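# Descriptive structure summary
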Amino acid sequence: MNIKEATKKTITFLVDVLGLIWALALALSTHYGMPADGFAGLFMQYRLPIIAYLGINIFTLLLVRCYDELIRDYSLFSTIKLFGALAISHLLFALFMSVIGDTQPSLLILNLTVYAAAALGVYRLIVLVAFQALLHLPKANRSGHAKRAIIFGAGSAGKYLVDMLNQDPSKQLKPVAFIDDDPRLERKRIKGLLVVGPRMLIPYAAKKYNAEVIIIAIPFVDNSTIREIFNLCNEANCTVKRFGNMSNLKFEGLAKSTINEIRVEDLLQRDVVRLDLESVSELVKGKTVLVTGGAGSIGSELCRQIMDYKPRLLVILDFNENGLFDITMELRKNYYEGAFETCLANIRERDVMNEVFQKYRPDIVFHAAAHKHVPMMEGNLREALINNVVGTNNVVEASIACGVERFMLISTDKAVNPTNIMGATKRIAELLIQQKNRSGDTRFAAVRFGNVLGSHSSVIPILQRQLQAGGPLTVTHKDVTRYFMTIPEAVQLVLESASIMQGGEIFVLDMGEPIRIYDLATTMIKLAGLVPEKDIKIEVTGLRPGEKLHEELCLPEETVVTTSNNKIYVMRPEISETDMESGALLAELLDSIRGKDQARIRELVQRLVPSLQDRKIC
Ligand SMILES: NC(=O)c1ccc[n+]([C@@H]2O[C@H](COP(=O)([O-])OP(=O)(O)OC[C@H]3O[C@@H](n4cnc5c(N)ncnc54)[C@H](O)[C@@H]3O)[C@@H](O)[C@H]2O)c1
């Protein structure tokens with residue numbers, strides 16, 4: 001208990017004693033009449049009953065712990081405790097009066113009980129009303145402009161946070177209560193603040209304490225808890241913040257922790273996957289690994305994670321000079337420089353790819369270099385094909401020529417029944433690696449997944465920029481949905497897929513439930529403390545050419561097989577006549593692209609990707 005709290009409780013106790021004296025004086029004077037020398041005479045005459053009355057009352061009030069909570073935290077239970085204690089002590093006093101021989105104590109006791117209950121009750125009522133009135137004063141009139149904050153989690157992080165906020169007014173946050181799911185802490189006072197109860201009491205506590213902010217102070221909080229608290233805070237019209245952050249699953253320690261905004265990614269991402277470290281370590285340790293598109297969002301994360309498994313050499317290949325520079329600078333900070341090398345090269349150049357592969361002779365290849373923007377690829381069929389199909393073919397041929405053990409193509413859910421050019425080129429790349437799997441020693445596989453959070457020019461950064469500019473936020477259709485996953489999670493699963501591949505598989509990552517982009521936009525506005533459609537508008541712009549309402553993760557003809565990891569599935573298409581035909585079509589497509597025969601290119605693309613047959617390709 002801190003000094004402020006102890007002082008408040010002592011004042012309540014003293015006011016109660018005064019109230020009891022007042023009740024007694026009033027009851028005695030009305031019952032027996034006021035003596036000529038006034039109250040002094042009254043107290044002298046009835047000193048024994050007065051001492052007994054005060055003694056019995058104080059003893060009972062303390063015994064039932066009526067001063068354990070502050071008046072502002074009173075609950076129904078506290079009220080029952082108070083009036084129960086008064087009832088018991090007045091019964092005991094009646095017993096005392098009859099023992100000392102008072103002939104008619106019942107009326108006196110009745111009056112006394114009413115006066116005492118009124119005195120103690122009215123005092124508490126006045127304090128409660130004054131407290132509530134103070135709480136609901138306009139913010140500017142309250143002392144300072146600090147926002148009232150409820151701390152979720154009364155453990156060491158929560159206690160540390162309360163001290164931090166109390167000592168640092170510049171944070172502009174005033175802790176007012178705790179919420180904690182531990183039933184043992186309920187209604188206890190910690191650091192002077194009441195633990196109101198479990199998380200479902202957030203709306204009640206926010207209203208009672210007029211709180212504007214809820215701060216989650218649990219270092220290893222899971223994402224489903226963050227989502228639940230966010231929903232409860234919406235109900236309570238509060239914003240949510242988080243104390244402390246986890247980077248690379250390591251808690252940085254209380255002293256380094258800061259108060260952070262909750263990002264939409266925190267609400268979307270699922271709980272961290274457990275990786276089969278041993279199988280990935282076996283795959284990578286001591287090997288030469290080459291990552292194409294290593295400067296991109298997925299490629300660079302592949303490089304980070306691969307470095308943790310101690311490859312003999314990591315070759316980071318990309319044609320983006322600045323991106324290559326950035327990833328090298330980053331890796332230099334954490335890893336031995338001799339363990340990785342950059343390779344500034346374009347996958348479209350077959351000879352260059354052959355030279356690179358002969359130079360490094362990689363054991364494992366992750367192929368993430370591609371053009372990925374759906375709308376941009378629409379009017380650029382040949383360009384998309386050169387990069388995503390011819391480029392892939394160059395890397396594939398070079399891999400076979402120098403005996404790469406495993407080749408993993410990074411594919412996308414847009415390759416399933418594609419209705420756009422980008423998706424079609426990725427589907428053709430999938431067909432290509434499945435064909436090549438049958439022709440050499442190299443094992444080829446592809447891994448498909450949906451949108452990753454925070455990749456270059458993806459939906460969240462775009463909506464974020466629109467939000468910062470004051471809106472409107474644009475979505476192409478109210479019902480459009482997409483799958484989401486974090487880049488580190490996707491890459492962990494890509495590595496694990498590579499460790500279990502036999503050759504010819506298309507791995508599909510479990511992306512959880514698809515998310516409605518309209519809901520995503522609404523959530524982002526709420527996270528910014530604004531009201532959707534009132535403060536920021538959401539504009540529906542209409543589906544773009546080739547854009548689907550919902551993405552799928554597998555084709556109807558593919559058989560879904562589970563793997564040792566419940567977040568990785570494998571699609572095993574049977575070898576069929578159609579596959580043999582697609583091999584010939586692929587070879588012809590590669591020739592036609594080189595020969596720039598546009599009409600034949602369009603025809604071959606439509607034959608290889610039947611879902612494009614009904615649409616005109618430019
Ligand atoms: N971003 C997503 O949400 C997502 C989801 C699922 C699958 N994928 C797939 O993963 C792959 C990579 O996506 P990303 O988000 O990392 O894209 P990105 O644009 O961030 O990275 C791609 C990288 O490839 C490089 N590149 C492109 N063409 C090249 C060429 N001809 N030669 C050398 N380097 C070249 C680019 O410079 C870039 O650094 C794509 O095939 C994409 O379809 C992406």
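The structure presented is a predicted model; accordingly, all values stated were derived computationally and were not measured.

Cut-offs used in this document
- Residues numbered from 1 in each chain as written.
- Predicted model: local features only at pLDDT ≥ 70, side-chain atom pairs only at ≥ 80, totals over all residues.
- Heavy atoms only, no water.
- Near = heavy atom within 4 Å.
- Polar contact = N/O pair within 3.5 Å; in protein donor to acceptor, adjacent residues only side chain to side chain.
- Areas by Shrake-Rupley, 256 points an atom, 1.4 Å probe, with all protein chains shown as cover.
- Helix = DSSP H or I, 4+ residues; strand = E, 2+ residues; numbered from the N terminus.
- Patch = residues over 30% accessible without salt bridge, like charges linked within 9 Å, V, L, I, M, F, W, Y side chains within 5 Å.
- Salt bridge = Lys/Arg side-chain N within 4 Å of Asp/Glu carboxyl O.
- Buried < 20%, exposed > 50% of the residue type's maximum accessible area, 1.4 Å probe, protein only.
- Contact = heavy atoms within 4.5 Å.
- Core = buried A, V, L, I, M, F, W, Y, C linked by side-chain atoms within 4.5 Å.
- Phe/Tyr/Trp six-rings, centres within 6.5 Å; stacked < 30°, edge-to-face > 60°.
- Lys NZ or Arg CZ within 6 Å of the ring centre and 35° of its normal.
- Domains from an automatic or database assignment.
- Pairing = 2+ DSSP bridges.
- Axes fitted to C-alpha atoms, helices over the stretch in contact; angles between N-to-C directions.
- Expected span 1.5 Å × (residues − 1).

What follows deals with the site of the ligand. Lining the immediate surroundings of the ligand are 26 residues, of which Ile298, Asp318, Asn387, Lys426 and Val452 lie closest. With respect to the ligand, the backbone of Ile298 contributes an N or O atom lying 2.8 Å from an oxygen atom. A distance of 2.5 Å is found between an oxygen atom of the ligand and a side-chain nitrogen or oxygen belonging to Lys426. Contact with the protein chains hides 92% of the accessible area of the ligand, taken as 820 Å² for the molecule alone. Going through the elements one at a time, α11 (297-308) and β16 (451-453) are the ones with two or more residues in the shell around the ligand.

Together, Leu48, Ile88, Leu92, Leu95, Val99 and Ile100 line one region of the surface with nonpolar side chains, adding up to about 570 Å² of accessible area. No other element matches helix α4 (residues 76-99), which puts four residues into the nonpolar patch. Along the chain, Ile88 falls in helix α4. A residue is classified by how much of its surface remains accessible, and Ile88, at 43% relative accessible area, is partly exposed.

So, about the environment of Ser497. Relative to the elements of secondary structure, Ser497 occurs in helix α18 (residues 487-500). Those residues in contact with Ser497 that sit more than four places away from it in its chain are Met408, Val447, Phe507, Leu509 and Ile568.

This part covers the nonpolar core. In terms of nonpolar packing, the biggest core is built from 71 residues, with Leu302, Ile306, Leu314, Phe357, Phe366, Met408 and Phe449 touching the most fellow members. Setting aside residues up to four positions removed in sequence, Phe366 forms contacts with Val289, Leu290, Val291, Thr292, Leu302, Ile306, Met408, Val494, Leu495 and Ala498. Judged by nonpolar contacts, the second largest core, of 44 residues, contains Leu232, Cys238, Val480 and Met524.

This paragraph deals with the packing of aromatic side chains. Summed over the entire model, instances satisfying the criterion amount to seven aromatic pairs. Each ring, one from Tyr53 and one from Phe93, has its centre 5.0 Å from the other, and the planes form 70 degrees; the classification is edge-to-face. Pair noted here: Tyr53 is in helix α3 (residues 47-63) and Phe93 is in helix α4, with a separation of 40 residues, a long-range link. A single burial state applies to Tyr53 and to Phe93, both of which are buried. Since its relative accessible area comes to 1%, Phe93 is described here as buried. Among the aromatic residues, ring-to-ring pairing joins Tyr53, Phe93 and Phe96 into one connected group. Taking NZ or CZ as reference, Lys478 lies 4.7 Å from the ring centre of Tyr518, over its face.

All right, on to the domain arrangement of the protein then. Per the domain assignment, the segments making up the protein are domain 1 (3-135), domain 2 (140-262) and domain 3 (277-451 + 484-511 + 556-612). Look at where the C-alpha atoms of domain 2 and domain 3 centre, and you get two points 45 Å apart.

Moving on, we get to the pairing of strand β23 (residues 559-562). Where β23 lies against strand β24 (residues 568-572), four bridges are found, and the strand directions are antiparallel. Note on β24: the bridge partner recorded for Val560 is Met571. The turn joining β23 and β24, which pair antiparallel and follow one another in sequence, is formed by five residues.

Pairing within the open sheet is mixed, and its nine strands lie in the order β12-β11-β10-β13-β14-β15-β20-β24-β23. The sheet is open, and its two edges are formed by β12 (340-344) and β23, each paired on a single side. Averaged over all pairs of adjacent strands, the angle between strand axes in this sheet comes to 20 degrees, irrespective of strand direction. As defined by bridge partners, strand β20 (residues 506-509) adjoins β24 across four bridges and the pair is classed as antiparallel. The residue bridging Phe507 from the neighbouring strand is Val570, located in β24.

Okay, helix α1 (residues 3-32) next. It helps to recall that an α-helix has 3.6 residues per turn; residues three or four apart then point in one direction. For α1, built from 30 residues, the straight-helix expectation of 44 Å at 1.5 Å per residue is met to within 8% by its first-to-last C-alpha distance of 43 Å. A positive backbone phi angle near 85 degrees is found at Gly33, which sits one or two residues after α1.

Within the fold, Glu505 resides in the loop between α18 and β20. The buried category is assigned to Glu505, whose relative accessible area is 2%. A polar contact of 2.6 Å, which involves the side chain of Glu505, links it to the backbone nitrogen of Gln502. Residues within four places of Glu505 in sequence aside, it is in contact with Phe444, Ala445, Ala446, Ile500, Val570, Met571 and Arg572.

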